[in-house]
2 protein chains.
Amino acid sequence: MIQNIQIQLNEHLYLKDPMQSELGKAMLQKSVELIYELGFEEFTFKKLSTAIPTTEATIYRYFENKHRLLQYLTNWYWSAMTIEYTYLTNNMQQAEQAINTGIELIIHPTKFMPQHPMLSVEKLFGIIINESNKSYLTTSIDEDNQLKLFKPYKDFCNILAASFLKYAPKFSFAHSLASTCVESILHQCYFMQHLPSLTDCKSNTGAKGLQTFIKNLIFNTLDKNK
Amino acid sequence: MIQNIQIQLNEHLYLKDPMQSELGKAMLQKSVELIYELGFEEFTFKKLSTAIPTTEATIYRYFENKHRLLQYLTNWYWSAMTIEYTYLTNNMQQAEQAINTGIELIIHPTKFMPQHPMLSVEKLFGIIINESNKSYLTTSIDEDNQLKLFKPYKDFCNILAASFLKYAPKFSFAHSLASTCVESILHQCYFMQHLPSLTDCKSNTGAKGLQTFIKNLIFNTLDKNK
DNA sequence: AGATTGTTAATAGTAATACTATTATAAATA
DNA sequence: TATTTATAATAGTATTACTATTAACAATCT
């Protein structure tokens, strides 16, 4: 579904739209691979330019700095996720089913989102787990927010919150629960890999335990607040 | 209570124990102020050295790099929190009361922890909210973990999980719930300040809503898994 | 006292990173 | 063909993180 759709992103994310040239597309594709491999701190425009190959300065024509590039990728991810969630839950009668679908989508995006020719969903998911916090935990948060650079992430949380409210209309904390749910899943995925004593879930079971935990958390809370 | 206790931290955090000299203590005190004001990215050893004042090289005698200094501060924070939680819940009969105390402590550390002569709890709390994720979201996570640099944070989550298990012995996800609870509170605090559409809680009410939300979340989950 | 040793701080760097100013090249248009 | 425009390449600079070396200053021992 996703592969045919051109996702229009906030124009403050780039200086020159990378989707409009082959060189720009190569920047996106290679940056996903490099950030996935090296981590965001070790990732530099120098390394990206030799990988493409092009020059450092050329990349600066497209992106103000590497932080904007990271924001571009996270914006794309959450936009794609929002589209996918809307598509999957379209015409679903039961709010419960929509919520379950949402949780499964966040935990296993590759199961639902088709392979994209340029942006590997699998690697993007890894980047989201490891680096997405860094896209908003900065001193420029308020300026960036005014430029609406977090809209796709907010949108995703908001449609998830809307599903919660459909299931439990009187619940007062739908937005907090939605953002907690998303962040918790990402954190638990990270902990499963690196700090297993902070979780009871095992990554080798395909995160089945994580799914149980989160559904448990959400429905017990919503059922008591119907 | 805390102010008289010397917290012994992992010796891999420093090259020379900053607690053992006046200069070292000044580094800790000033670094809390500067990271709080500037954010971790803008914070440099150069700025710290002029603030003390001393030289950059001298600081490098104490800390391998600025990342280790951040880890030192977060280690101190969670060690102090663990001591405080143990102290507050000592001799408490009801697990429910202990859990409520824990939640209130995480949300309002300054209400419980006395002012420390050197490390401002209020500013440290701000640093924990804004920067603590960066202390473990790095490529060196596995090596750092082997050096036991995340033990204090794990310890805190584990004693919280122990309280959950005391309340609901059959619950299978006590550790996941504990880490989710801590991370969620920190994130919600951040969202209240900067991205209010991701939360339903208001910061001007003294985070009363946040307390309701988290208690709601935890007890609804635990009650269903008793 | 004078020599030795060890601890601490200061000097003066280097390598890498993030970013920019300027020039060259190619394509589109008049 | 001449002119404009868009794009890329070259060649930098400023800053940052970090290190190697030297100097100062005690404490200890002969």
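Described below are features of the structure shown in this document. (Residues numbered from 1 in each chain as written. Chains lettered and ligands numbered in written order. Predicted model: local features only at pLDDT ≥ 70, side-chain atom pairs only at ≥ 80, totals over all residues. Heavy atoms only, no water.)

### Observations regarding the protein's contact with DNA strand D
Logical step 1: Around DNA strand D lies a shell of 14 residues, among which Ala57 of chain A together with Thr44, Tyr60, Asn65 and Lys66 of chain B are the nearest.
Logical step 2: A breakdown of the atoms of DNA strand D within 4 Å of the protein gives sugar and phosphate a share of 59%.
Logical step 3: Residue Glu56 of chain B places a side-chain N or O atom 3.3 Å away from a base nitrogen belonging to DNA strand D.
Logical step 4: For DNA strand D, a phosphate oxygen lies 2.8 Å from a polar atom in the side chain of Lys66 of chain B.
Logical step 5: Listing elements by their share of the surface near DNA strand D, those giving two or more residues are α3 (56-62) of chain A together with α3 (56-62) of chain B.
Logical step 6: For the surface near DNA strand D, the leading source of residues is α3 of chain A, giving four residues.
Logical step 7: Classifying every residue of the surface near DNA strand D gives four nonpolar, five polar and five charged. (Near = heavy atom within 4 Å. Polar contact = N/O pair within 3.5 Å; in protein donor to acceptor, adjacent residues only side chain to side chain. Helix = DSSP H or I, 4+ residues; strand = E, 2+ residues; numbered from the N terminus. Nonpolar A, V, L, I, M, F, W, Y, C, P; charged D, E, K, R; others polar.)

### Looking at helix α9 (residues 151-167) of chain A
Residue and element names in this part refer to chain A.
Logical step 1: With 17 residues, α9 extends 24 Å between its outermost C-alpha atoms, agreeing within 8% with the 24 Å of an ideal straight helix rising 1.5 Å per residue.
Logical step 2: Considered for burial, the residues of α9 that qualify are Pro152, Tyr153, Lys154, Phe156, Cys157, Leu160, Ala161, Ser163, Phe164 and Tyr167.
Logical step 3: Next to the buried residues of α9 lie α4 (66-89), α5 (95-107), α8 (141-146), α10 (174-194) and α11 (208-223). (Expected span 1.5 Å × (residues − 1). Buried < 20%, exposed > 50% of the residue type's maximum accessible area, 1.4 Å probe, protein only. Contact = heavy atoms within 4.5 Å.)

### Regarding the relation of the copies chain B and chain A
Logical step 1: Once turned by 180° and shifted 0.0 Å along the axis, chain B lies on chain A with an RMSD of 0.0 Å. The operation mapping one copy onto its partner corresponds to a two-fold rotation axis. Nearest to the rotation axis, the C-alpha of Asn220 of chain B is located 2.8 Å from it, this being the minimum over chain B.
Logical step 2: Here 100% of the contact residues of chain B are again contact residues in chain A; the copies associate through an equivalent surface. (Least-squares fit on C-alpha atoms with pLDDT ≥ 70 in both.)

### Examining the protein's contact with DNA strand C
Logical step 1: Looking at DNA strand C, there are 14 residues lining it, with Tyr60, Asn65 and Lys66 of chain A together with Leu23 and Arg61 of chain B nearest.
Logical step 2: The protein-proximal atoms of DNA strand C, defined as those within 4 Å of the protein, are 53% sugar or phosphate.
Logical step 3: Here a phosphate oxygen of DNA strand C sits 2.8 Å away from a polar atom, N or O, in the side chain of Lys66 of chain A.
Logical step 4: Arg61 of chain B has a polar side-chain atom sitting 2.9 Å from a base nitrogen of DNA strand C.
Logical step 5: Taken together, the elements giving at least two residues each to the surface near DNA strand C come down to α3 of chain A together with α3 of chain B.
Logical step 6: Broken down by class, the residue content of the surface near DNA strand C amounts to four nonpolar, five polar and five charged.

What is shown is where atoms sit, not what they do.
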